[in-house]
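For reference, the chains in residue letters:
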Amino acid sequence: MTILYATHSRGGIGSSLPVYADGLAIGCLLAIFAPRLPRIPGFVALVMTIVVFMIPRFAADTPVRTLFLLFFLQPLLYVSIAGVVLHVIQVPYRILNWAPVAWLGRISYSLYLWQQVFCSNPSLKLGYSLALLALGCACLSYYCVEQPMLRLREKRARKPETAVTPVLEPTSSAA
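For clarity, every value in this text was computed on a predicted model and none was experimentally measured.

Colleague: Hey, could you run me through the overall build of the chain in this one?
Modeller: Per the secondary structure count, the chain includes seven helices and zero strands. Starting at the N terminus and walking to the C terminus, you meet the elements of the chain as α-α-α-α-α-α-α. Counting over 175 residues, the chain shows a buried share of 18%. Counting only contacts in the chain whose residues sit at least 6 apart along the sequence, the fraction spanning at least 24 positions is 60%. Here the chain displays about 13700 Å² of accessible surface, and carbon together with sulfur accounts for 70% of that area.

Colleague: Is there a simple way to think about the packing of helix H6 (residues 108-119) against helix H7 (residues 129-158) in this case?
Modeller: When two helices pack together, their arrangement is given by the angle between their axes and by how far apart the axes lie. As a packed pair, H6 and H7 sit with axes 8 Å apart at the nearest point and diverge in direction by 140 degrees. As summarised for this structure, H6 and H7 are arranged oblique, according to the angle between their axes. As for the relative orientation of H6 and H7, their crossing is right-handed in sense. Here H6 contributes Ser110, Leu111, Trp114, Gln115, Phe118 and Cys119 to the contact with H7, which in turn contributes Leu130, Ala131, Leu133, Ala134, Leu135, Cys137, Ala138, Ser141, Tyr142 and Glu146. Of the residues in the contact of H6 with H7, the class split is twelve nonpolar, three polar and one charged.

Colleague: Before we go on, may I ask you to explain the pattern of salt bridges in this structure?
Modeller: Between side chains of opposite charge, pairing is possible as soon as their charged atoms come close. All chains considered together, the criterion is met by two salt bridges. Note that Arg153 is salt-bridged to Glu154, the shortest N-O span being 3.4 Å. The partly exposed category is assigned to Glu154, whose relative accessible area is 39%.

Colleague: Please explain the packing of aromatic side chains as it appears in this structure.
Modeller: For any pair of aromatic rings, the description consists of the separation of the ring centres together with the inter-plane angle of the planes. This model, assessed by the stated rule, comprises four aromatic pairs. Judged by centre distance (5.2 Å) and plane angle (25 degrees), the ring pair of Phe68 and Phe72 falls under stacked. Residue Phe68 and its partner Phe72 are located together in helix H4 (residues 63-90), separated by four residues, close to a single helical turn. Each member of the aromatic cluster is reached from another via a ring pair, and the members are Phe58, Phe68 and Phe72.

Colleague: What's the story with the packing of helix H5 (residues 99-106) against H7 in this structure? I'm lost.
Modeller: For the pair H5 and H7, interaxial distance at closest approach is 11 Å and the crossing angle is 70 degrees. In this view, H5 runs roughly perpendicular relative to H7, as classed from their interaxial angle. Listed contacts from H7 to Trp103, Leu104 and Arg106 of H5 are Leu135, Cys139, Tyr142 and Tyr143.

Colleague: When you look at the environment of Val101 in this model, what are you seeing that I'm missing?
Modeller: By the element assignment, Val101 lies in helix H5. Apart from the residues lying within four places of it in its own chain, the contact partners of Val101 are Ile95 and Leu96.

Colleague: Would you explain helix H3 (residues 42-54) in this entry?
Modeller: Turn by turn, an α-helix covers 3.6 residues, leaving residues three or four places apart pointing in a common direction. Here H3 spans 18 Å end to end across 13 residues, near enough to the 18 Å set by a 1.5 Å rise per residue. Among the residues of H3, those classed as buried are Ala45, Met48 and Val51. Seen end-on, H3 carries its buried residues on one side only, within an arc spanning 115 degrees. Looking at H3, the residues exposed on the side facing more than 90 degrees away from the buried face are Phe43, Leu46, Phe53 and Met54. The inward-facing, buried residues of H3 contact H4.

Colleague: Help me out: how do you make sense of the confidence of the model for the chain in this one?
Modeller: A low pLDDT means the predicted coordinates there should not be read in detail. Overall, the prediction assigns the chain a mean pLDDT of 82, with 75% of residues at 70 or greater. Predicted confidence in the chain is weakest over helix H1 (residues 2-6), with a mean pLDDT of 67, and strongest over H3, with 95.

Colleague: I would appreciate a short explanation of the environment of Arg57 in the present structure.
Modeller: Along the chain, the position of Arg57 falls in the loop between H3 and H4. On the basis of relative accessible area, Arg57 is assigned to the exposed category, the value being 61%. A distance of 2.7 Å separates a polar side-chain atom of Arg57 from the backbone oxygen of Phe53.

About the criteria used
Residues numbered from 1 in each chain as written. Predicted model: local features only at pLDDT ≥ 70, side-chain atom pairs only at ≥ 80, totals over all residues. Heavy atoms only, no water. Helix = DSSP H or I, 4+ residues; strand = E, 2+ residues; numbered from the N terminus. Buried < 20%, exposed > 50% of the residue type's maximum accessible area, 1.4 Å probe, protein only. Contact = heavy atoms within 4.5 Å. Areas by Shrake-Rupley, 256 points an atom, 1.4 Å probe, with all protein chains shown as cover. Axes fitted to C-alpha atoms, helices over the stretch in contact; angles between N-to-C directions. Parallel < 35°, antiparallel > 145°, perpendicular 65-115°, else oblique. Left-handed = near helix turned anticlockwise from the far one by under 90°. Nonpolar A, V, L, I, M, F, W, Y, C, P; charged D, E, K, R; others polar. Salt bridge = Lys/Arg side-chain N within 4 Å of Asp/Glu carboxyl O. Phe/Tyr/Trp six-rings, centres within 6.5 Å; stacked < 30°, edge-to-face > 60°. Expected span 1.5 Å × (residues − 1). Arc of directions from axis to C-beta. pLDDT = per-residue confidence, 0-100. Polar contact = N/O pair within 3.5 Å; in protein donor to acceptor, adjacent residues only side chain to side chain.

Below, the structure written as structure tokens:
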């Protein structure tokens, strides 16, 4: 990440694995160590949530501020995201089980795919109305493609493979 900042890399490599490696790494560490980590108190989770919303607003407009962002604030951001996730796992909130939120979680992969198409192009000036279009396409994709394919997979997994055994006809032996 530091090399990408130092070389003023933009475009292709700026949206590839090196940019997301830190977040992936902290997610993997959380998955491995979550059972052994202490309970995150609500106040600490609240502070971590504030950190998550504030750090992206930090202006790294000088070399010193950029170094501060890269070596202090970015790691703090990733640890705070992991802490909030861990807190929500440890203390499940009722709102996360609310039917509309649970439904959004079910279609989240389809929504992720479609938001890339509609919401990632800054030249489109329609703003949040494109998110509604992405949501509509995600619903179609989820119910018309993803669910039928999952049912087909389950059906094929349950179907036992029947072995074909040849039927031998009795032979008559003349004595």
